[in-house]
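# Fold and contact review
These are the residues of each chain, in order.
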Amino acid sequence: MQQFQPQALYTPEQRARRDATKWTLVQGVLAPVQFLIFLVSLYLVLNSLKTGEHTDWALASVVIKTLVLYAIMVTGSIWEKVVYGKYLFAHAFFWEDMVSMVVLALHTAYLWVWWQGQWSSADQLWLALAAYGTYAINAAQYIRKLRMARLQRIPEVSMASNAQVIS
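Residues numbered from 1 in each chain as written. Predicted model: local features only at pLDDT ≥ 70, side-chain atom pairs only at ≥ 80, totals over all residues. Heavy atoms only, no water.

## Brief notes about the packing of aromatic side chains
Within a pair of aromatic rings, the relevant descriptors are the distance that separates the centres and the angle that separates the planes. Threshold: Pairing of aromatic side chains here covers Phe, Tyr and the six-membered ring of Trp, requires ring centres within 6.5 Å, and sorts the geometry by plane angle: under 30 degrees stacked, over 60 edge-to-face, intermediate tilted. Numbering of helices and strands runs from the N terminus, with a helix taken as a DSSP run of H or I at least four residues long and a strand as a DSSP run of E at least two residues long. Whether a residue is buried, partly exposed or exposed follows from its accessible area with a 1.4 Å probe, protein chains only, as a fraction of its type maximum: under 20%, in between, or over 50%, in that order.
Within the structure shown, the criterion is met by 11 aromatic pairs. Residues Tyr10 and Tyr84 carry aromatic rings whose centres are separated by 5.9 Å and whose planes lie at 20° to one another, so their mutual orientation is stacked. With Tyr10 in the segment before helix H1 (12-20) and Tyr84 in helix H3 (residues 55-84), this pair connects stretches of sequence that are 74 residues apart. For Tyr84, a relative accessible area of 15% gives the class buried. Taken together, a centroid distance of 5.7 Å and an interplanar angle of 50° make the contact between Phe89 and Phe94 tilted.

Written out as structure tokens, the structure reads:
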């Protein structure tokens with residue numbers, strides 16, 4: 001029985017570009033910052049929906065979360081261009097980018113609704129929860145890819161060590 005070998009996320013050249021670009025560090029900083037903002041905002045949104053308190057804080061926190069999302073999406077597109085030669089939809093991150101488009105659409109819809117002020121606060125917060133649900137799925141996709149990249153790196157390190165022993 002043949003064992004399935006997943007396709008590597010990076011060629012050696014792509015890995016070298018990934019490791020050399022400043023955008024990898026930018027993504028490494030923005031991703032946990034955005035996740036922390038998400039957790040605080042999620043708490044505020046859920047608390048506001050439950051108690052009706054601090055609704056202005058909850059609404060504003062979604063705006064902040066969305067602005068950070070835009071920053072990570074723009075810098076992530078630059079990172080993808082540097083590493084893969086495409087701003088979006090590189091083969092290795094195609095499905096993550098597809099879900100990211102839904103995440104962006106829902107967050108942008110929230111900003112529009114918030115700006116227009118024609119929806120009730122509760123309806124705005126429910127829209128934010130829909131956006132946050134897609135964001136959580138997307139974050140899980142990227143965490144999975146990060147883990148895959150680390151697991152694929154182990155055999156490369158082992159092969160390099162074995163090559164040194166042989167020579």
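## Focus on the nonpolar core
The test is simple: Here, nonpolar core means buried Ala, Val, Leu, Ile, Met, Phe, Trp, Tyr and Cys residues that are tied together by side-chain atoms lying within 4.5 Å of each other.
Core analysis: the biggest nonpolar cluster contains 24 residues, and Val45, Val62, Leu69 and Tyr110 have the highest contact counts within it. Counting only elements with at least two residues in this core, the list comes to helix H2 (22-51), H3, helix H4 (94-116) and helix H5 (121-166). It is H5 that provides the largest number of residues to this core, a total of eight residues. Trp79, Phe93, Met148 and Ala149 belong to the second largest nonpolar core, which has 10 residues in total.

## What to know about the confidence of the model for the protein chain
Under the convention used in this document: Think of pLDDT as the predictor's per-residue confidence, scored from 0 to 100. Contacts are assigned to residue pairs with any non-hydrogen atoms lying within 4.5 Å of each other.
The predicted model of the protein chain averages 88 in pLDDT, with 87% of residues at 70 or higher. Segment residues 156-167: pLDDT under 50, and one contact once partners within four positions in sequence are set aside and those in other chains are kept.

## Section: unusual backbone geometry
Its identity as a non-glycine residue notwithstanding, His54 has a phi of 55°, on the positive side. Considering the arrangement of structural elements, one finds His54 in the loop between H2 and H3. The phi angle at Phe89 is positive, at roughly 65°, despite the residue not being glycine. Locating Phe89 in the fold gives a position in the loop between H3 and H4.

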